[in-house]
Structures are given as C-alpha cells and as structure tokens.
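Chain residues, written in single-letter form:
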Amino acid sequence: QVQLVESGGGSVQVGGSLRLSCAASGRTFSSYPMGWFRQAPGKEREFVAAINWSGGIPVYGDSVKGRCTISRDNAENTVDLQMNSLKPEDTAVYYCAADRKVPFIRVLSTDPDNYDYWGQGTQVTVSS
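Residues numbered from 1 in each chain as written. Predicted model: local features only at pLDDT ≥ 70, side-chain atom pairs only at ≥ 80, totals over all residues. Heavy atoms only, no water.

J.: Before we move on, could you go through the environment of Ala98 and cite the residues and values that matter?
T.: Of note, Ala98 is situated in strand E9 (residues 92–98). Residue classification places Ala98 among the buried residues on the basis of a relative accessible area of 0%. In this structure, the C-alpha to C-alpha distance between Ala98 and Leu4, residues 94 residues apart in sequence, is 8.4 Å. (Helix = DSSP H or I, 4+ residues; strand = E, 2+ residues; numbered from the N terminus. Buried < 20%, exposed > 50% of the residue type's maximum accessible area, 1.4 Å probe, protein only.)

As structure tokens, then:
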C-alpha cells in the first residue's frame, strides 16, 4: 500500500518557522520528483515547492520563494519543507505529493494534476 504521510504542521505566529516532513512508504519514491502543495479554504491547490530525484535545483512557488527550503533524504524516503518568516497568507493545508510516472526525470512540474500520489495533508495556521 502506497502512503505519503505528512507531519509537522501546527499553529505559529507571524514571523515564525515550521518544518514539515513527508514520509513515503509502500513503494520506492527515491527515483521520482516530490512536491509540496497547499490549499486554503475556498482556494485552488497551490504549488509550493518541488525537488527532483537527486535533490538538485529545486523549484519554488513565487509566494514562498526565499522563505522555504525543500529537501529530501532518499535513504529515509522523506521529503521536508522548512518554512521561515511565515505570514498569515501561508495558512493552509499542506500536501506532500509524488510524481511517480517517469523515473530520474529532471523537469519538475508545478501542476498538481501531474502528481499521482498524495498525502492526507497537515494544517498550518499562522496568526498575527
């Protein structure tokens, strides 16, 4: 059974930091791109960050660029998202996703429709 399980969400004040983690199990994800998306109430799912199989040259959404860092540990089958300088507009459910169609691909997609495995999400709330 394929599973992506997020953790690390919670409530934080403006300017604070959180580190989200995604643990993959059931299949090998180390050869595939992984991404983080978020969805706020009443809004579409938004791209946050993605990282290729080797961990090189990640891509970030404009709204989080410079404040977030995505990383992965293929030995542990985990993908983390470090978020700093959090703002109220960062409040959302954050989802981990895997694009498990083509291994060792270098091009990273920002379109959630290109990701075929998803976690259940973890809530991040930023208050002023």
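J.: With reference to specific residues and values, describe the nonpolar core.
T.: In this structure, Leu4, Met34, Trp36, Ile70, Leu81, Met83 and Tyr94 are the most contacted members of the largest nonpolar core, which totals 26 residues. At the level of elements, strand E3 (18–25), strand E4 (34–39), strand E5 (46–51), strand E7 (68–73), strand E8 (78–83), E9 and strand E11 (122–127) are the ones that each hand at least two residues to this core. The next biggest cluster of nonpolar side chains, apart from the first, holds six residues, and it includes Phe47, Ala97, Leu108 and Tyr115. (Core = buried A, V, L, I, M, F, W, Y, C linked by side-chain atoms within 4.5 Å.)

J.: So, the pattern of salt bridges: which residues are in play, and what are the values?
T.: Scanning the entire structure with this criterion turns up six salt bridges. Here Arg19 ties to Asp80 by a salt bridge, and the two come within 3.3 Å at their closest N and O atoms. Within this pair, whereas Arg19 is found in strand E3, its partner Asp80 is found in strand E8, the two being separated by 61 residues in sequence. The exposure class assigned to Arg19 is partly exposed, which follows from its relative accessible area of 42%. The partner of Asp90 in a salt bridge is Arg67, with the nearest N and O atoms 2.7 Å apart. Of the two residues, Asp90 is situated in the loop between E8 and E9 and Arg67 in the loop between strand E6 (59–60) and E7; the sequence distance between them amounts to 23 residues. What makes Asp90 buried here is its relative accessible area of 1%. The buried category is assigned to Arg67, whose relative accessible area is 12%. The network of salt bridges with common partners includes Arg38, Glu46, Arg67 and Asp90. (Salt bridge = Lys/Arg side-chain N within 4 Å of Asp/Glu carboxyl O.)

J.: Explain the environment of Thr28 to me, using residue names and the numbers behind them.
T.: Among the secondary structure elements, Thr28 is positioned in the loop between E3 and E4. In this structure, the C-alpha to C-alpha distance between Thr28 and Asn74, residues 46 residues apart in sequence, is 9.1 Å.

J.: Before we move on, can you summarise empty space enclosed by the protein with the specific residues and values?
T.: Scanning the model with the defined rule gives one cavity of 30 Å³ or more in all. The calculated volume of the largest cavity comes to roughly 30 Å³. If you go around the largest cavity, the residues you meet are Ala24, Phe29, Met34, Arg72, Asn74, Asn77, Thr78 and Val79. For the lining of the largest cavity, a count of residues per class yields four nonpolar, three polar and one charged. (1 Å grid on protein atoms, 1.4 Å probe; cavity = no way out; pocket = protein on both sides within 12 Å on 5 of 7 lines; lining within 4 Å. Points joined across faces, edges and corners; volume = space filled by probe spheres on them. Nonpolar A, V, L, I, M, F, W, Y, C, P; charged D, E, K, R; others polar.)

J.: Got a sec to walk through the sheet that holds E8? Specific residues and values, please.
T.: Across a sheet, strands are paired by hydrogen bonds formed along the backbone, either parallel or antiparallel in direction. What the four strands build is an open sheet, ordered E1-E3-E8-E7; its pairing is antiparallel. Looking at the sheet topology across the chains shown, the edges are occupied by strand E1 (3–7) and E7. Between one strand axis and the next, the sheet turns through 15° on average, direction left out of account. Where E1 meets E3, five bridges bridge the pair, whose relative direction is antiparallel. If you follow Leu4 over to E3, its bridge partner there is Ala24. (Pairing = 2+ DSSP bridges. Axes fitted to C-alpha atoms, helices over the stretch in contact; angles between N-to-C directions.)

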